[in-house]
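In case you want the letters, here they are:
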Amino acid sequence: SIIRTMARGAFIVLEGLDRAGKSTQVSMIVEALKERNVPVERRVFPDRSTAIGGIINDYLAKKIELAPEAVHLLFSANRWECKDGILETLEKGTTLIVDRYAASGAAYSAATTGRPLSWCTSPDQGLPAPDLVLYLDVTPDTQQQRSNWGEERFERAETQRKVAENFRKLSESGNWAFVEAGLDKLEVHQKLLQKVLDLLEGCKDKPIGKLYE
Ligand code: TMP
Ligand code: MG
């Protein structure tokens, strides 16, 4: 058997609707961990820098049309193409703070394809599982007040309402924490950081889980 000589990093995902403030909060968590000398990297899904991510970007920007089921599989493929990179990062002891992941995949596609959540989670089965999902809970009013609302596909009140309902169902399995997103951004940050710091020690000796297994 392999002797683990180094603690692994934690796999932490921020989830939520569009304009919940995830990207801002990911940056703030990464900076706070760096200040504490915790090795940390960020990632974002969709990862628009890959070939698959380029197609997803064109679809979201409404430059191309695709069947929603095909887009669903591209979002999942975009995670699978990053799987080895994620595992390597965690195994070298670096914590990952990730802006969206598989829960977004299932929550959005169940809303846009009308297919059951179980259909939507299945392509992601076996991917590395997050140790913690931090859910930024945003109200429709707050979303619509924030900049550039409505530009990309899916940024419609009715879609977002369905997506929110799906996120609630998904949060029933796995380790999720909900934080109110409409608070002052420093207040949100402090709540999130506390949850991250509470987790960090605890997951060092646990193997990385697999999603939906
Ligand atoms: P972003 O706003 O975080 O850049 O994400 C782009 C959009 O893509 C957003 O509306 C959420 C959606 N999305 C999916 O539909 N499936 C997925 O797997 C991911 C990661 C995002
Ligand atoms: Mg968005």
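Before reading on, note that the structure itself is shown above.
The present account deals with the structure reproduced in this document. (Residues numbered from 1 in each chain as written. Chains lettered and ligands numbered in written order. Predicted model: local features only at pLDDT ≥ 70, side-chain atom pairs only at ≥ 80, totals over all residues. Heavy atoms only, no water.)

This brings us to the pattern of salt bridges. A side chain of one charge can pair with a side chain of the opposite charge if their charged atoms are brought near each other. Per the stated rule, a full pass over the model turns up 13 salt bridges. Residue Glu155 is joined to Arg19 by a salt bridge in which the shortest nitrogen-to-oxygen separation is 3.2 Å. In this pair, Glu155 is assigned in the loop between α7 (140-145) and α8 (157-170) and Arg19 in the loop between β1 (11-16) and α1 (22-35), connecting sequence segments 136 residues apart. Overlapping salt bridges, with partners in common, bring together Glu158, Arg161 and Glu165 in one network. (Salt bridge = Lys/Arg side-chain N within 4 Å of Asp/Glu carboxyl O. Helix = DSSP H or I, 4+ residues; strand = E, 2+ residues; numbered from the N terminus.)

Read from one edge of the open sheet, five strands run β2-β3-β1-β4-β5, paired in parallel fashion. Edge positions in the open sheet fall to β2 (40-44) and β5 (176-180), since each of these has one partner strand only. Taking each pair of neighbouring strands and ignoring which way they run, the sheet shows an average axis angle of 20 degrees. As paired strands, β1 and strand β4 (residues 132-137) are joined by five bridges and run parallel to one another. Looking at β4, one finds that Ile12 is bridged to Leu132. On the sheet, α1 packs against β1, β2, β3 (95-99) and β4 and is oriented at approximately 165 degrees with respect to β3. (Pairing = 2+ DSSP bridges. Axes fitted to C-alpha atoms, helices over the stretch in contact; angles between N-to-C directions. Contact = heavy atoms within 4.5 Å.)

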